[in-house]
There are 2 protein chains.
Amino acid sequence: MTKIAGGFGASELFQFLRDGEPRTRAELAQLTGLARSTISLRIDELLQHGLITPVGEAVSTGGRPPAQIALNPGARVVVAADLGVTHGRVAITDLSGAILSHVLEDLVIANGPVEVLDWLALTITKLMTECGRPLADLVAVGIGLPGPVEHESGKPTNPPIMPGWDGFDVPAYLAETFPVPILVDNDVNIMALGERAMGWPDTEDIIYVKVSTGIGSGIIGGGVLQRGAQGIAGDIGHIRIPRGTGVVCKCGNEGCLEAVAGSPAIIADLRGAGHDVSTVADLVALVKSGDTGAIQAVRQAGRDIGEVLTVCVSIVNPSVITIGGALAQAGEHIIAGVREVVYSRATPFAAEYLSIVQSRAGEMAGVAGASIMAVERALSPEGIDGMGAAKAATGD
Amino acid sequence: MTKIAGGFGASELFQFLRDGEPRTRAELAQLTGLARSTISLRIDELLQHGLITPVGEAVSTGGRPPAQIALNPGARVVVAADLGVTHGRVAITDLSGAILSHVLEDLVIANGPVEVLDWLALTITKLMTECGRPLADLVAVGIGLPGPVEHESGKPTNPPIMPGWDGFDVPAYLAETFPVPILVDNDVNIMALGERAMGWPDTEDIIYVKVSTGIGSGIIGGGVLQRGAQGIAGDIGHIRIPRGTGVVCKCGNEGCLEAVAGSPAIIADLRGAGHDVSTVADLVALVKSGDTGAIQAVRQAGRDIGEVLTVCVSIVNPSVITIGGALAQAGEHIIAGVREVVYSRATPFAAEYLSIVQSRAGEMAGVAGASIMAVERALSPEGIDGMGAAKAATGD
DNA sequence: CACCTTTTGTCGAATATCGGCGTTAGAATC
DNA sequence: GATTCTAACGCCGATATTCGACAAAAGGTG
């Protein structure tokens, strides 16, 4: 039987070392309220598991310098996978989120879960050998998918662009190959997690906006990721905007933000004006080349997005909005458009402390978030307790 | 020194009885993983504190029937205060939120914090004697204020309609009279808490909308109340709607929802059409009398609100939206307007499982939420540990 | 009314934690 | 460079807490 309550085992002490900050035994004793001797016992236990490691000494205050111990990020690894519509990015990261090996490959999500997940399993195995880690070191897998996901069960629900995935039990399928916790979530949600971790660790309310073919957002409110009742919170791409009147979206509705400010719409507009663009990359290149028509189009898209984000600001009251996705790499033009609208329209009090900036995590937001999600689960008290026994120390 | 970690004291066991469900010692042992004998020790401790009480016996399965014990809601009381712009509602409730005595009085919030809080202190004392409880039974105070509040500190920040309150340390001021935890929050936020508790206990994502002179909302997402960076999350009253073009709001902006669909706007319109209405009560009465002009005006306000809520649905993805406030009492007309717009405009997947209904908590949402907030704090492990020693059992 | 089942309180045993003490290791001082 | 001083580390007996078993209690059943 598992212990539900009571006791202060090694896994509980470990929670105080999760942040990676080195601490002395005395500091831990102070933090936990336990005696120094008890702390030492737990420390030994954790050292045997390899989860923590001595890391030099702190400055002496006159006597013997205290030994510092800290999370040993290299002790175990997790898989972080960011699967898009046409690409898949998979990484092995350590417990601090540092990427040990990673790969970006073409991938057709529409080929269905079996083919895609088999590819993923194969890729994971390849990457693990590439970075010289036995499969036993893997403690969790985090996956982002381009559609709504019921996070508790890990099953996609009603995904519009993932035929064959509806209700597919992703964790169960992968668990046959990797018997570890498998966490699945919407890709924009994990990007928000990654963005916060990489750029805004102390921010409790943040909106990450992905601008690309589609437009979506991940919302962290009160420090927790907002998933909503069906896992589609933050789905701002299909909010109607005034300028969209008459524009039909592929979702069937009319006037959706995505249909007006998504890259296909911008590209179509520019082609109509005689420009030779067909992909997002073309568009970004054109903007970077300084083409005024393209710049204006992108800036207008920023204004359209700003229109919707103004409403988001009233509803969520974030302190940071970050703009990511392929189109955000076309320089500051999109963000300029967003700022133009949000700062002039939003409530002054809400706008006063609001930063609107480019994504700091960039293309790695997805895997960063997937890594966070996996590590979070692996290092929880339950995860630690379930973790395999001791292992030879890494890099001695 | 306070214990930070370790140990499984009475307060931790108590958390398993918080919900008011009666349980047997054996059930608690199963839940906590502790031995039956240990449970008995803790139970005795809690019985002495008066926080729990034996409540009959469960069905026997053949042998001696197990004694059931449950939270004793009457053991202590909290104050729940819902202070509006012109009225103040104060209640003493027990730990289950049941109202023991309560009062609704006129009140001018603009008279400033000292006058209002002095009145509140006096009222609390009166109510306590009215329900025959010594002041020692009071374990927490929850207060809702009609403006932005920094919940951690309990200080109003930049309140537009509460002159003199900006930055006033409400908890510190009241703590001189009542040395217990004092929790302060925005009034709509606590109404959302109250609404959920009274009508939707298992709902993790819910939006409570208050429609009255102003229009505001409280959002619970992922099970936690969304306050935002400045405590103004859910402030939907000042979102711009298309139909508001040219209408100036008292906030200084143009086209705010509140300026179009708030009761003053509706009343002004009806007066323009020759109706004799001047207060919200008049308006409600007129609608209830079946006046088609008034009904149409209210329904249109519902559509305007629905316009904004459609966006909220995309962003928050709630499973329930409840409409409360003075205007919501004018029957189903507002809600019909809201539904008309939301169900036709929102993403089908999000709308499929979304209920839009009248508030179940009604006028008591505020005090209900304030009570929840106060009880939540009082019954937390820290609250229990800090609670005074044993007390004579109530109603024996 | 005796027997059976199940719960409950009690009590000794096992276990975990605490706090003091000697040891260790570096810094400051002479 | 030796000595002294400070503070942390680890060991160990003392102590508090929790566990597990047992007997008493309480009600149903034949």
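Residues numbered from 1 in each chain as written. Chains lettered and ligands numbered in written order. Predicted model: local features only at pLDDT ≥ 70, side-chain atom pairs only at ≥ 80, totals over all residues.

The subject of this paragraph is the overall build of chain A. Helix and strand content of chain A: 14 helices and 15 strands. By the compact-globule yardstick of 21 Å for 396 residues, chain A fits well, its C-alpha radius of gyration being 23 Å. Its C-alpha atoms give chain A principal-axis dimensions of roughly 75 × 50 × 40 Å. The buried share of chain A, reckoned over its 396 residues, is 50%. Counting contacts in chain A only where the partners sit at least 6 residues apart, residues at least 24 apart contribute 63% of the total. (Helix = DSSP H or I, 4+ residues; strand = E, 2+ residues; numbered from the N terminus. Rg over C-alpha atoms; globule rule 2.2 N^0.38 Å. Buried ≥ 20, exposed ≤ 12 C-beta atoms within 10 Å, placed from the backbone. Contact = placed C-beta atoms within 7 Å.)

Note on the copies: chain B fits chain A at an RMSD of 0.1 Å, the axial shift is 0.0 Å, and the rotation between them is 180°. What the superposition gives is, in effect, a two-fold axis relating one chain to the other. Same-surface contact between copies: 100% of interface residues of chain B are shared with the interface of chain A. (Least-squares fit on C-alpha atoms with pLDDT ≥ 70 in both.)

Below, the discussion takes up helix 13 (residues 365-378) of chain B. All names here are of chain B. Taking 1.5 Å of rise per residue, the 14 residues of helix 13 would be expected to cover 20 Å, and the 20 Å separating its terminal C-alpha atoms lies within 8% of that figure. Most of helix 13 sits inside the fold, with 12 of its 14 residues counted as buried. Within helix 13, burial applies to Ala365, Gly366, Val367, Ala368, Gly369, Ala370, Ser371, Ile372, Met373, Ala374, Val375 and Ala378. (Expected span 1.5 Å × (residues − 1).)

Turning our eyes to something else, we now look at the interface of chain B and chain A. Of the residues lining the interface, 43 residues belong to chain B; the matching set on chain A comes to 43 residues. Residue assignment for the side of chain B that touches chain A shows that the elements contributing at least two residues are helix 2 (25-32), strand 13 (224-226), helix 10 (292-316) and helix 12 (348-352) of chain B. Among the elements that take part in the side of chain B that touches chain A, helix 10 of chain B stands out by supplying 5 residues, more than any other. Looking at side-chain class alone, the side of chain B that touches chain A contains 21 nonpolar, 15 polar and 7 charged residues. (Nonpolar A, V, L, I, M, F, W, Y, C, P; charged D, E, K, R; others polar.)

Moving on, we come to helix 4 (residues 113-130) of chain A. Residues and elements named next belong to chain A. Under the 1.5 Å per step criterion, the end-to-end length of helix 4 is 25 Å for 18 residues, consistent within 8% with the ideal 26 Å. Taken together, the buried positions of helix 4 are Pro113, Val116, Leu120, Ile124 and Met128. Down the axis, helix 4 shows its buried residues gathered within 105° of arc, on one side only. Facing away from the buried side of helix 4, by more than 90 degrees, are the exposed residues Val114, Leu122 and Thr129. (Arc of directions from axis to C-beta.)

Moving on, we get to the domain arrangement of chain A. It is common to report an interface's size as the accessible area lost on association of the parts. All names here are of chain A. When the domains of chain A are assigned, the result is domain 1 (10-71), domain 2 (76-191 + 366-386) and domain 3 (201-359). Taken over C-alpha atoms, the centre of domain 2 sits 27 Å from the centre of domain 3. Contacts between domain 2 and domain 3 engage 9 residues on the former and 12 residues on the latter. If you list the elements that add at least two residues to the side of domain 2 that touches domain 3, you get strand 8 (149-150) and helix 6 (187-199). Top element by residues in the side of domain 2 that touches domain 3 is helix 6. It accounts for 3 residues. Split into classes, the residues belonging to the side of domain 2 that touches domain 3 amount to 4 nonpolar, 4 polar and 1 charged. (Domains from an automatic or database assignment.)

With respect to topology, 3 strands assemble into an open sheet ordered 1-3-2 (chain B), the strand pairing being antiparallel. Looking along the sheet, the strands with just one partner apiece sit at the ends: strand 1 (23-24) and strand 2 (52-57) of chain B. (Pairing = 2+ DSSP bridges.)

Let's shift gears to unusual backbone geometry. Backbone phi values are negative for most residues with the exception of glycine, while trans is the configuration of most peptide bonds. All names here are of chain A. Unlike most non-glycine residues, Asn317 shows phi in positive territory, near 55°. Looking at where Asn317 falls in the secondary structure, it is placed in the loop between helix 10 (292-316) and strand 14 (320-324). Of the residues examined, Asn317 has 27 C-beta atoms within 10 Å and is grouped as buried.

This paragraph deals with the packing of helix 2 of chain B against helix 3 (residues 36-49) of chain B. All names here are of chain B. Relative orientation of the contacting elements helix 2 and helix 3 amounts to 110°, with a least axis distance of 9 Å. When the axes of helix 2 and helix 3 are compared, the pair comes out roughly perpendicular. Once helix 2 is placed against helix 3, the crossing between them reads as right-handed. Along its contact with helix 2, which presents Arg25, Ala26, Leu28 and Ala29, the element helix 3 presents Arg36, Ile39, Ser40 and Ile43. Of the residues belonging to the contact of helix 2 with helix 3, the class tally is 5 nonpolar, 1 polar and 2 charged. (Axes fitted to C-alpha atoms, helices over the stretch in contact; angles between N-to-C directions. Parallel < 35°, antiparallel > 145°, perpendicular 65-115°, else oblique. Left-handed = near helix turned anticlockwise from the far one by under 90°.)

With that out of the way, let us pick up the pairing of strand 4 (residues 77-83) of chain B. Residue and element names in this part refer to chain B. Extensive coverage of strand 4 is indicated by the burial of 7 of its 7 residues. Residue alternation in strand 4 divides its side chains into two sets, Val77, Val79, Ala81 and Leu83 and Val78, Ala80 and Asp82, and both sets are buried. By the bridge criterion, 7 bridges tie strand 4 to strand 5 (residues 87-94) in an arrangement that is antiparallel. Paired with Ala80 across the two strands is Ala91, which belongs to strand 5. In textbook terms, the turn of a hairpin is the stretch between consecutive antiparallel strands, and for strand 4 and strand 5 this stretch comprises 3 residues. Bridge analysis of strand 4 against strand 7 (residues 138-145) gives 6 bridges, and the strand direction is parallel. Across the sheet, residue Val77 finds its bridge partner in strand 7, namely Leu138.

Looking now at the pairing of strand 5 (residues 87-94) of chain A. Residue and element names in this part refer to chain A. Across the 8 residues of strand 5, 7 count as buried, placing the element largely inside the fold. Of the pairings in the sheet, the one linking strand 5 to strand 6 (residues 99-106) comprises 7 bridges and is antiparallel in character. When the bridges of strand 6 are listed, Ala91 appears paired with His102. Two successive antiparallel strands, strand 5 and strand 6, enclose a turn made up of 4 residues, where Gly97 displays a positive phi of approximately 90°.

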